[in-house]
Amino acid sequence: MADNLPSEFDVIVIGTGLPESIIAAACSRTGQRVLHVDSRSYYGGNWASFSFSGLLSWLKEYQENSDIVNESPTWQEQVFENEEAIALSKKDKTIQHVEVFCYASQDLHEDIEEAGALQKNHASVTSANSTEAADSACVPTDESLSTVSCEMPAEQTLSSDPESALEVNDAEATGEKENHRDDKTYVPSTSGEETSENVPTAEDTTEQPKKNRITYSQIIKEGRRFNIDLVSKLLYSRGLLIDLLIKSNVSRYAEFKNITRILAFREGRVEQVPCSRADVFNSKQLTMVEKRMLMKFLTFCMEFEEHPDEYKAYEKITFSEYLKTQNLTPNLQYFVLHSIAMTSETASSTIDGLKATKNFLHCLGRYGNTPFLFPLYGQGELPQCFCRMCAVFGGIYCLRHSVQCLVVDKESGKCKAIIDQFGQRIISKHFLVEDSYFSENTCSRVQYRQISRAVVITDRSVLKTDSDQQISILTVPAEEPGTSAIRVIELCSSTMTCIKGTYLVHLTCTSSKTAREDLEPVVQKLFIPYTEMEIENEEVEKPRLLWALYFNMRDSSDISRNCYNDLPSNVYVCSGPDCGLGNDNAVKQAETLFQQICPNEDFCPPPPNPEDIVLDGDNLQPESSQSSAIPEANSETPKESTNLGNPEESSE
């Protein structure tokens, strides 16, 4: 149990977000003794993914604004005279302005509950006009919230094939697999027991008397088939996170799908953007002259650094203005600015735009016809993958385990220990703390930005095609000065994030107002509310809204360490998610902090090959047998790794 934890570690990590999980894995891999704790009952922090009922429970916790665990009243007695305490926050204040709307038919009966759920959660329905939807959510019992869990995620089932290196699935090839892999329950602390026998197959539960007839009771009943991300991101196929997943072999814990379409929203219509060479020449919306123009410009962008004379004169103007000086039609300028470079019309310089365009093109063709990948079961899988690596190399994990304070030695000015909720004093050399754990006193000088987020469930895609298994990204340009473009990511059921017959749509932008004020205008442009009258009309122009959630999330990225008050030199700050599309910021942050802790160590090297392990004497037998078990799942990966290299070589 957690109250019997060792009293000393090399590194203590507080928070299980993506940067913290990467650092914990890297430190554990180098032989550091790592304790990784989180006061929440789930992995990932604001990077987490939830089932539908899990999301309602999460909303309920925030609305009640209650402490996650009870603190020990005697922890102050553990702080000695020559020490001082830096108290940590007991409440997570990173989420604000939560509003939930239900548009689907509300034929919910009291006996409807989530299929295969580990707990019997009941939820009442919130009407579309109510902003108090979180009231209807059901939270776990107080006993389950206060029970401390101390586990090693290596034993969990992370909904992945452990023998795959970086498995990328065709988004349209759904087949039988979707029914087999839907048994994931996002409650990491309940052990990794499979409960697939309790989960109805898609054929059993999605048969409807009328086409597209999705009710709220069905969403509740099949809630475990949803995996709803708090933060919406994609992985660039040549981005830092993909490179790290491959290098460290953590990729064997996850599977990915290609984003199949890049979309644009222009003049009130959604249309597909041609981005690869094949797309450009197969496009029916571009004239032959436009195709040649676009290919010539994209070819230049791939090599723009070798031709400085062609852009040096335009360095001081925006990328939008620069595009107007090129031989491009307004149609092509729009596609390049908003759907390929995905940069701001008013704030991005020419150099920024050219670099973004080059990065987009550089990532094309590695794993598919777009530059992006999405992890099956949601973004929340990625922190868990690195937690598993950390646990495999000896890291200790405790969820629902809060830290009362950091203990600082007055003479040296360094942090020497933590005191947890049980009053146990745990010594360490280095401490990594996620930003949301710091109290208001520590963060009084920090100026945070905000991210506006919306999650909506719809009955069909924003751009209907022959296939209903499309994964799309769409950028809607800002309409008012001072606002930012809105990124829309639409996920189909083959991503294991929603049930068949629905789409899960994430909207994200930098906040200028509340999330609803920022994002609802775009939601209204793309979708219409679900009503009984519309069901009879099969040729509805827009997808129908079934359910919507709006909230603002704190953006703590790129904040100088000096903004935090009186932090000891061996306490490092990890930020929460940023508003960017990729995960490069999290990987850069993790590597920078790791190099400060372990300056001469390799960052997340691959695990040793079983054949390279040498047993030296009987006295090392127990240790060596453990070591040989670590890379066992890797024995099949050379073949997969070779396959990974092929697309790279061919694309270059």
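Parameters and conventions
Residues numbered from 1 in each chain as written. Predicted model: local features only at pLDDT ≥ 70, side-chain atom pairs only at ≥ 80, totals over all residues. Heavy atoms only, no water. Helix = DSSP H or I, 4+ residues; strand = E, 2+ residues; numbered from the N terminus. Expected span 1.5 Å × (residues − 1). Buried < 20%, exposed > 50% of the residue type's maximum accessible area, 1.4 Å probe, protein only. Contact = heavy atoms within 4.5 Å. Axes fitted to C-alpha atoms, helices over the stretch in contact; angles between N-to-C directions. Parallel < 35°, antiparallel > 145°, perpendicular 65-115°, else oblique. Left-handed = near helix turned anticlockwise from the far one by under 90°. pLDDT = per-residue confidence, 0-100. Pairing = 2+ DSSP bridges. Right-handed = clockwise from strand over helix to strand, strands pointing away.

Q: What exactly am I supposed to notice about helix α12 (residues 350-363) here?
A: Residues spaced three or four apart along an α-helix face the same direction, because each turn holds 3.6 residues. Taking 1.5 Å of rise per residue, 14 residues should cover 20 Å, and α12 covers 20 Å from first to last C-alpha, within 8% of that figure. Among the residues of α12, those classed as buried are Thr 350, Ile 351, Gly 353, Leu 354, Thr 357, Phe 360, Leu 361 and Cys 363. Buried positions along α12 lie against β9 (235-236), β11 (261-266), α9 (288-302), α10 (319-325), α11 (330-340) and β13 (372-375). Directly beyond the C-terminal end of α12, a positive phi value near 85° is found at Gly 365.

Q: Just to check I follow, could you spell out the packing of helix α7 (residues 240-248) against helix α13 (residues 381-392) for this structure?
A: Packed helix pairs are specified by the crossing angle of their axes together with the interaxial distance, meaning the distance between the axes. Orientation of α7 relative to α13, taken along the N-to-C sense of each, is 30°, at an axis distance of 12 Å. Judged on the interaxial angle alone, α13 and α7 are roughly parallel. Helix-helix and strand crossings are classified by hand; for α7 and α13 the assignment is left-handed. Across the interface between the two elements, Leu 241, Leu 244, Leu 245 and Ser 248 of α7 pack against Leu 382, Phe 386 and Met 389 of α13.

Q: Hey, could you run me through unusual backbone geometry in this one?
A: Residues other than glycine predominantly adopt negative phi, and peptide bonds predominantly adopt the trans conformation. Phi at His 97 is positive, roughly 50°, even though this residue is not glycine. Mapped onto the elements, His 97 comes out in strand β5 (residues 95-102). One non-glycine residue, Asp 566, lies in the positive phi region at around 55°. Within the element layout of this structure, Asp 566 appears in the loop between β24 (544-555) and β25 (571-574). Residue classification places Asp 566 among the exposed positions, given a relative accessible area of 71%.

Q: How should I be thinking about the confidence of the model for the protein in this particular structure?
A: Close inspection of predicted coordinates is inappropriate for parts of the model with low pLDDT. A residue-level look at the protein finds 73% of positions with pLDDT of 70 or above and a mean pLDDT of 79. Throughout residues 171-210 the model reports pLDDT below 50, and contacts reaching past four residues in sequence, or to other chains, amount to 97 contacts. Of the regions scoring below 50 in pLDDT, residues 618-652 engages in 34 contacts with residues more than four places distant in sequence or in other chains.

Q: Just checking my understanding: could you explain the environment of Glu 8 for this structure?
A: In this fold, Glu 8 is placed in the segment before β1 (11-14). Residues Glu 8 and Ala 417, spaced 409 residues apart in sequence, show a C-alpha to C-alpha distance of 8.6 Å. Once you skip the residues sitting within four places of it in the chain, Glu 8 turns out to touch Arg 33, Ile 426 and Ile 427.

Q: Can you walk me through the sheet that holds strand β16 (residues 415-420) in this structure?
A: Taken in spatial order, the 4 strands line up as β4-β15-β16-β17 in an open sheet, and their pairing is antiparallel. Across the chains shown, the open sheet's two edge strands, defined by having one partner strand only, are β4 (83-87) and β17 (425-427). Ignoring which end each strand starts from, the neighbouring axes of this sheet average 30° apart. Here β16 pairs with β17 via 3 bridges, running antiparallel. Looking at β17, one finds that Ala 417 is bridged to Ile 427.

Q: So what exactly am I meant to see when it comes to the pairing of β1 here?
A: Residues in a regular strand project their side chains so that they alternate between the two faces of the sheet. Residues Val 11 and Val 13 point to one face of β1 and Ile 12 and Ile 14 to the other, with burial holding for every one of them. Across 4 bridges, the pairing between β1 and strand β2 (residues 34-37) is parallel. Residue pairing across strands places Ile 12 opposite Leu 35, the latter belonging to β2. As for the winding sense of the linkage, the β-α-β connection from β1 through helix α1 (residues 18-29) to β2 is right-handed.

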